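Results of the structural survey
So the chains spell out like this:
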Amino acid sequence: MVWTQDRLHDRQRVLHWDLRGPGGGPARRLLDLYSAGEQRVYEARDRGRLQLNPAAFDDGNFSLLIHAVEETDAGLYTCNLHHHYCHLYQSLAVRLEVTDGAPATPAYWDGEKEVLAVARGAPALLTCVNREHVWTERHVEEAQQVVHWDRQPPGVPHDRADRLLDLYASGERRAYGPPFLRDRVAVGTDAFERGDFSLRIEPLEPADEGTYSCHLHHHYCGLHERRVFHLTVAEPDAGPPPRGSPGNGSSHSGGPGPDPTLGRGHSVINVIVPEGRAHFFQQLGYVLATLLLFILLLVTVLLAARRRRGGYEYSDQKSGKSKGKDMNLGEFAVATGDQMLYRSEDIQLDYKNNILKERAELAHSPPPAKNVDLDKGFRKEYCT
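Residues numbered from 1 in each chain as written. Predicted model: local features only at pLDDT ≥ 70, side-chain atom pairs only at ≥ 80, totals over all residues. Heavy atoms only, no water.

Of all eight residues that make up strand 1 (residues 13-20), seven are buried, and the element is covered over most of its length. Pairing of strand 1 with strand 6 (residues 75-83) involves eight bridges; the strand directions are antiparallel. Bridging from a neighbouring strand, Trp17 pairs with Cys79 of strand 6. As paired strands, strand 1 and strand 2 (residues 28-34) are joined by six bridges and run antiparallel to one another. Across the sheet, Asp18 pairs through a bridge with Arg29, a residue of strand 2. (Buried < 20%, exposed > 50% of the residue type's maximum accessible area, 1.4 Å probe, protein only. Helix = DSSP H or I, 4+ residues; strand = E, 2+ residues; numbered from the N terminus. Pairing = 2+ DSSP bridges.)

Among the nonpolar cores identified, the biggest contains 28 residues, and Trp17 and Leu64 are the most heavily contacted of them. Grouped together as the second largest cluster of nonpolar side chains are 20 residues, Leu164, Leu167, Leu181 and Leu204 included. (Core = buried A, V, L, I, M, F, W, Y, C linked by side-chain atoms within 4.5 Å.)

To continue, consider the sheet that holds strand 9 (residues 114-119). Taken in spatial order, the seven strands make up an open sheet running 3-2-1-6-7-9-8, and their pairing is mixed. In the strand order of this sheet, the two ends are held by strand 3 (39-41) and strand 8 (107-109), each with one partner. Each strand of the sheet is rotated relative to its neighbour by a mean of 20 degrees, with strand direction disregarded. Sheet topology places strand 6 next to strand 7 (residues 88-99); nine bridges connect them, and they run antiparallel. Opposite Tyr77, over in strand 7, you have Val94 as the bridge partner. (Axes fitted to C-alpha atoms, helices over the stretch in contact; angles between N-to-C directions.)

UniProt tags residues 284-305 as "transmembrane region" (unreviewed entry). From the first C-alpha to the last, residues 284-305 spans 32 Å; its make-up is 100% helix and 0% strand. (UniProt positions renumbered as here; feature names shortened; annotations may be inferred.)

With respect to the helices and strands, the residue Arg184 is situated in the loop between helix 2 (179-182) and strand 14 (185-187). Side-chain polar atoms of Arg184 contact the side chain of Asp208, separated by 2.8 Å. Beyond its immediate chain neighbours, meaning those up to four positions away, Arg184 contacts Arg200, Ile201, Glu202, Pro203, Leu204, Glu205 and Asp208. (Polar contact = N/O pair within 3.5 Å; in protein donor to acceptor, adjacent residues only side chain to side chain. Contact = heavy atoms within 4.5 Å.)

Right, let's get into the sheet that holds strand 10 (residues 124-126). Strand order across the open sheet formed by three strands is 4-5-10, with antiparallel pairing between neighbours. Looking at strand neighbours, the two that pair on one side only are strand 4 (50-52) and strand 10, the edges of this open sheet. The sheet shows a mean angle of 25 degrees between the axes of neighbouring strands, taken without regard to direction. Bridging between strand 5 (residues 64-66) and strand 10 involves three bridges; their strand directions are antiparallel. If you follow Ile66 over to strand 10, its bridge partner there is Ala124.

It is worth spelling out the state of the cysteines at this point. Covalent bonding between the sulfur atoms of two cysteines is what defines a disulfide. The final tally for this structure, using the stated rule, is one disulfide. Each disulfide pairs two cysteine sulfurs, and for Cys79 the partner residue is Cys128, the sulfurs being separated by 2.3 Å. Of note, the bridge from Cys79 to Cys128 carries an S-S torsion of about -70 degrees and is left-handed in sense. In this pair, Cys79 sits in strand 6 while Cys128 sits in the loop between strand 10 and strand 11 (145-152), placing the two residues 49 residues apart along the sequence. (Disulfide = S-S within 2.5 Å.)

Counted by the stated rule, this structure contains 20 salt bridges. Between Arg45 and Glu70 there is a salt bridge; the shortest N-O distance is 2.7 Å. Linking Arg45 in the loop between strand 3 and strand 4 with Glu70 in the loop between strand 5 and strand 6, this pair joins segments that are 25 residues apart in sequence. The exposure class of Arg45 is partly exposed, given its relative accessible area of 35%. Residue Arg49 pairs with Asp46 through a salt bridge whose shortest N-O separation is 3.0 Å. The buried category is assigned to Asp46, whose relative accessible area is 2%. By sharing partners, the salt bridges in this structure join Arg28, Glu43, Arg45, Asp46, Arg49, Glu70 and Asp73 into a single network. (Salt bridge = Lys/Arg side-chain N within 4 Å of Asp/Glu carboxyl O.)

Below, the structure written as structure tokens:
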């Protein structure tokens, strides 16, 4: 993965601080700090006592500060830097001594590591500084992989080799070399996508003999790899060997047949960077992280749809209630009609005189219909 073209913004750098007690034994992990900003303290008693620089991966200061040193803090501390992308590892050791009073020599070098003497209850600063651009965010650029192909003719030393090709992960390509060979060499256009930088020479000529070298440079990680090939060109045979003769693979006692890639017109120099087991697990982690993100997005969409559906049901319930009110009004209208019928009934009462009886009949009987002559009103309005 280091040699393929990538778009990783986080280079997966991790800082570990470990402590091994004065009596020996296995070291215990104190805390971790990731380049993404996450920090983890392993023991509860160390929370608030151990402090790291929050901008450690920006300025390269990975020092550990211990507040109120105790007797159990004495021992050998190691500052471990891991770069998973570049497959790099660096470590720095510091020994801490805890004294009852002020030490005569606060710090000294014992030939292998720094020794720091601190009084009990005082703060201690364990220094670990590394400002190389691999561990910081300075000068971070994409596509810093470069591949060179060189050729040494027979009898020419390696320091006078001819440059054939330059390939950059950004897509730029430059061709060099002698004119008779420049147009016959090529590398695949997807070299940085597959990690395959094989050089093809077609057609092959006797003058192409020599030593070819492939150089892989990674400027960000500071890595360099080299592959060397010695190419010899032989004339093809006049005809195929007889059947069953040694060398054609049909006889068990015969030697291996000639390499067909050495024939005229067909020659390939293969350079494929092998992938380790760590690369497989890294790719598996990317796949699992993508799957988890997809599941989280799906759950969010389902919850939003369910909430929206609940809002629609609430609106339907409100509209149902309003319809119920209309039905009550209708029932109220029916009740009013019943009252009108009840009022229209003929009630037989005993009245003292005719005046009271006439008034009662007028109250229980419907009002007389009023006839309006629209034509008369319209003619009067027109005449006016």
